[in-house]
Amino acid sequence: MVDRKKFDHALAMRQQLEAHYPDRNFQDAFQLSEELRDHFEIKLLVVGHFSAGKSALLNALLQRPAFLKEAQQPQTALATELVYDTTEQAFAYRKDGSCEELQAGKEYLPEEYSHLEYHVNAPALARIADYTIVDTPGFDSGIEAHAQALSNYIGVGSAYLVVVDQEKGGLDETTLQFIREISHYSDQIAVVLNKCDKITPDTVEQIVSAAQGTLEMWGFPYKVYPISARAEDCCTQLESILGQFHAQKAFDRIMTRQLRIDLENTEKLLQIEQRKLSLDTHDLDESLRSFERSKKQLADAFDQKTQQAQDKLDPQTETTLASVRQALTAHADTISTALLNGNQTAVKAIILETIRPVLVASMKNIVSGQIDAITAELQFDQLVHNDMDAEDLVTMTTNLASNLKSLIDSGTFTPAPQSGLGKHKKDDRNNTLYHAITGVVAAATDAIAPWLEVIIILLPDIIHLLEGLFAEKDEDIVKRNFINNVIPQICNKLYPQIRTNIETSTREVQAAYKSMLDEKLEQLQNSIASIKEQKAQKVETFAAYQGYITEDIAAIQKMLQQLR
């Protein structure tokens, strides 16, 4: 029996390819080879001139005289396949591939039908069950349908039994040309000289010898055997001749040929895939550069604003004191009147109420300016992580500045309740951000208290500066001394405290913003780490894929070497 699993190791390449390239369709890569392995019929073609006695020899092999109709007219002859089967049945195949059960008495013409198929329970067929024997029309019938039918079989034949009528006296050129053609498809060919019972043994020997010499002269290594369908031992003789054919060799030959085709085609596909293979990390690299750039820009912008705020401490202090000086000068008449009247309590109240709104207004301008500057400079939409809504963050940052300014403008110096900002909350992703904004509001509003404490703390010193003016009776002198002497001294005493409080307020607002910035920078850093990991995985996957292709091409080339 033919070992049909002999090439399974090569066919296993398909499973390997499917595992390595799930996105590529390699299911059909070895389909023809697998179909050959499972369904290929090793056909033994019985060929020869018309009326050479092919059907008579096969009837002798089956030991069923007249099973196949002999001496048919050329126009009615069809190729007939003989298959061993314990259940006997017969079919006629149309040219469109459909089949029907053979009906006795019906004429099957080659214009409509391609071939007949008989399943026969014959001992001789059982002993050569690997073969499907085909009785073909004569190659010299001169009928086009016969030539077409024969040509359909020639290329799929695995072995050939060439039947020659001894009346030809040997091998004519037509037969020799035919043998040359079938030699392209198989080297399992035998020639039988039929109807030898009609001539003497000496004549048989002469014809066989001449035929053998002709084959050798043409370069054919095939043997010539005398035979007669009428001989009692014809079945045994035929079995002996056919026994020299090797079904496994025929199967190996056709499987090797098809496997080489499938492997070579697959190798070409993999080589094309290898040539067009490229590692594309452009999008990941762009995202990485964008995140790195945003991270640096945000950090640099905040550092720049921090330095600018530090540089503005002295100018802002001077501006605040100028406002205090201007306000006290504007109230010099009222303060002078209180001094002339000796009303120390009134003087304290007037000075306190004069300086207080100036400091509050200055605080409004400074802190609000800091918020506006930081918000605008940092461009908070760049702080957004991949899964957050940029509009939300920008809106919340704007609300931060708006709410803080409202608190300052309204004179409400208590921190904004958390629920006031909580209404903007959409999901847990923003919790930390809302806490940070609330912290900024709280820090900024708490910063008002130290500003007011400056007046209370320094008020006794200010009153001390005015002691010499309580005894003065001339209003112009009191006013002039207050403007020229007292106000400058008041400003000198306020300067360090105001500067310290401006610095403290700036630091607190910046610290709250820095907390929010740090959180976003951390998110950016996490995004950078994630993208780097994605890129590393992509590079690793690419390298593995590239390795698969190299290994598979090498494996295919090795198989091709083994199949030579």
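Residues numbered from 1 in each chain as written. Predicted model: local features only at pLDDT ≥ 70, side-chain atom pairs only at ≥ 80, totals over all residues. Heavy atoms only, no water.

Comments concerning the overall build of the chain
Step number 1: On a plain count of helices and strands, the chain comes out with 19 helices and nine strands.
Step number 2: With 564 residues in all, the chain has 46% of them scored as buried.
Step number 3: Surface accessibility of the chain: about 28,300 Å² in total, with carbon and sulfur atoms responsible for 49%. (Helix = DSSP H or I, 4+ residues; strand = E, 2+ residues; numbered from the N terminus. Buried < 20%, exposed > 50% of the residue type's maximum accessible area, 1.4 Å probe, protein only. Areas by Shrake-Rupley, 256 points an atom, 1.4 Å probe, with all protein chains shown as cover.)

A closer look at the pairing of strand 5 (residues 113–120)
Step number 1: Most of strand 5 sits inside the fold, with seven of its eight residues counted as buried.
Step number 2: Judged from the six bridges that link them, strand 2 (residues 79–84) and strand 5 form a sheet pairing that is parallel. Of the residues in strand 5, the one forming a bridge with E81 is E117.
Step number 3: As judged from the six bridges shared by strand 3 (residues 89–94) and strand 5, these two strands associate in the antiparallel manner. Residue pairing across strands places A92 opposite L116, the latter belonging to strand 5. (Pairing = 2+ DSSP bridges.)

A closer look at the nonpolar core
Step number 1: Membership of the largest hydrophobic core comes to 65 residues, with the highest contact counts inside it found for L44, I133 and L161.
Step number 2: Setting aside anything within four residues of it in sequence, one finds L44 in contact with Y131, T132, I133, V134, A159, L161, L242 and F245.
Step number 3: In this structure, L176, I189, V191 and I199 belong to the second largest nonpolar core, which totals 29 residues. (Core = buried A, V, L, I, M, F, W, Y, C linked by side-chain atoms within 4.5 Å. Contact = heavy atoms within 4.5 Å.)

A short note on the pattern of salt bridges
Step number 1: Per the counting criterion, the structure on display carries 22 salt bridges.
Step number 2: Residue R94 is joined to E112 by a salt bridge in which the shortest nitrogen-to-oxygen separation is 3.9 Å. Residue R94 is found in strand 3, and its partner E112 is found in the loop between strand 4 (99–101) and strand 5; the two are separated by 18 residues along the sequence.
Step number 3: Judged by relative accessible area, E112 falls into the partly exposed class, the value being 41%.
Step number 4: The closest approach of N and O atoms between K276 and E273, which form a salt bridge, is 3.6 Å. You can see K276 and its partner E273 sitting in helix 10 (residues 247–276), three residues apart, about one turn around the helix.
Step number 5: Counted as one network, the salt bridges with shared partners bring together R94, E100, K106 and E112. (Salt bridge = Lys/Arg side-chain N within 4 Å of Asp/Glu carboxyl O.)

Considering helix 3 (residues 31–39)
Step number 1: Those residues of helix 3 that sit buried are S33, E34, L36 and R37. Down the axis, helix 3 shows its buried residues gathered within 160 degrees of arc, on one side only.
Step number 2: Contact partners of the buried residues in helix 3: helix 1 (8–11), helix 2 (13–20) and helix 10. (Arc of directions from axis to C-beta.)

So, the sheet that holds strand 7 (residues 157–165)
Step number 1: Strand order in the open sheet made by the nine strands is 4-3-5-2-6-1-7-8-9, with mixed pairing throughout. In this open sheet, the two edge strands, each paired with only one partner strand, are strand 4 and strand 9 (224–226). For this sheet, the mean inter-axis angle between neighbouring strands, taken without regard to orientation, is 25 degrees.
Step number 2: Sitting on the sheet, helix 8 (residues 201–217) is in contact with strand 8 (189–194) and strand 9, with an inclination near 165 degrees to strand 9. (Axes fitted to C-alpha atoms, helices over the stretch in contact; angles between N-to-C directions.)

Some words on the packing of helix 11 (residues 282–311) against helix 19 (residues 475–562)
Step number 1: Two elements in contact, helix 11 and helix 19, have axes whose closest approach is 9 Å; the angle formed by their N-to-C orientations is 165 degrees. Judged by the inter-axis angle, helix 11 sits roughly antiparallel to helix 19. Handedness of the helix 11/helix 19 crossing: left-handed.
Step number 2: For the contact of helix 11 with helix 19, the residue count by class is twelve nonpolar, nine polar and nine charged. (Parallel < 35°, antiparallel > 145°, perpendicular 65-115°, else oblique. Left-handed = near helix turned anticlockwise from the far one by under 90°. Nonpolar A, V, L, I, M, F, W, Y, C, P; charged D, E, K, R; others polar.)

Observations concerning the packing of aromatic side chains
Step number 1: Here the structure, examined in full by the defined rule, presents seven aromatic pairs.
Step number 2: Their ring planes at 65 degrees and their centres at 5.2 Å tell us that F67 and Y118 sit as a pair that is edge-to-face. Within this pair, whereas F67 is found in the loop between helix 4 (54–62) and strand 2, its partner Y118 is found in strand 5, the two being separated by 51 residues in sequence.
Step number 3: Within the aromatic cluster, the residues linked to one another by ring pairs are W218, F220 and Y222. (Phe/Tyr/Trp six-rings, centres within 6.5 Å; stacked < 30°, edge-to-face > 60°.)

Description of the confidence of the model for the chain
Step number 1: For the chain, the average pLDDT comes to 79, and 80% of its residues sit at 70 or higher.
Step number 2: The spread of mean pLDDT over the elements of the chain runs between helix 16 (residues 418–422), the lowest at 38, and strand 9, the highest at 96.
Step number 3: This stretch, residues 380–394, has a pLDDT under 50; its non-local contacts, to residues over four places away or in other chains, come to 32 contacts.
Step number 4: This model gives residues 410–448 a pLDDT under 50, and the stretch forms 58 contacts once residues within four places in sequence are excluded. (pLDDT = per-residue confidence, 0-100.)

Considering unusual backbone geometry
Step number 1: Backbone geometry at S51 places phi at a positive 65 degrees, although glycine is not the residue there.
Step number 2: Residue position: S51 is located in the loop between strand 1 (42–48) and helix 4.
Step number 3: Unlike most non-glycine residues, A66 shows phi in positive territory, near 65 degrees.
Step number 4: A relative accessible area of 61% means that A66 is categorised as exposed.

Looking at the side chain of N194
Step number 1: Following the sequence through the fold, N194 ends up in strand 8.
Step number 2: Within the structure, the side chain of N194 is placed 3.4 Å from the backbone oxygen of G53, a separation counted as a polar contact. (Polar contact = N/O pair within 3.5 Å; in protein donor to acceptor, adjacent residues only side chain to side chain.)

Re helix 19
Every α-helix carries 3.6 residues per turn, so stepping three or four residues along brings you back to the same face.
Step number 1: For helix 19, which comprises 88 residues, the first-to-last C-alpha distance of 123 Å matches the rise-based estimate of 130 Å (1.5 Å per residue) to within 8%.
Step number 2: Of all the bends found along helix 19, the most pronounced is centred on F482 and spans about 40 degrees. (Expected span 1.5 Å × (residues − 1). Bend = angle between axes of the 7 residues up to and from the residue.)

Side note on the pairing of strand 7
Step number 1: Taken across its nine residues, strand 7 has nine buried, putting it largely inside the fold.
Step number 2: Bridging between strand 1 and strand 7 involves six bridges; their strand directions are parallel. Paired with G48 across the bridge in strand 7 is V163.
Step number 3: Examined bridge by bridge, strand 7 and strand 8 share six bridges and lie parallel to one another. Across the sheet, D165 pairs through a bridge with N194, a residue of strand 8.
Step number 4: Once the chain exits strand 7 it traverses helix 7 (residues 173–182) before rejoining the sheet at strand 8, and the crossover so formed is right-handed. (Right-handed = clockwise from strand over helix to strand, strands pointing away.)

Overview of the packing of helix 3 against helix 10
Step number 1: Their axes nearest at 8 Å, the elements helix 3 and helix 10 cross at an angle of 165 degrees. The angle between the axes of helix 3 and helix 10 places the two elements in the roughly antiparallel class. Crossing handedness for the pair helix 3 and helix 10: left-handed. Here L32, S33, L36 and R37 of helix 3 lie close against helix 10, whose contacting residues are F251, I254, M255, Q258, L259 and D262.
Step number 2: Class assignment for the residues of the contact of helix 3 with helix 10 results in six nonpolar, two polar and two charged.

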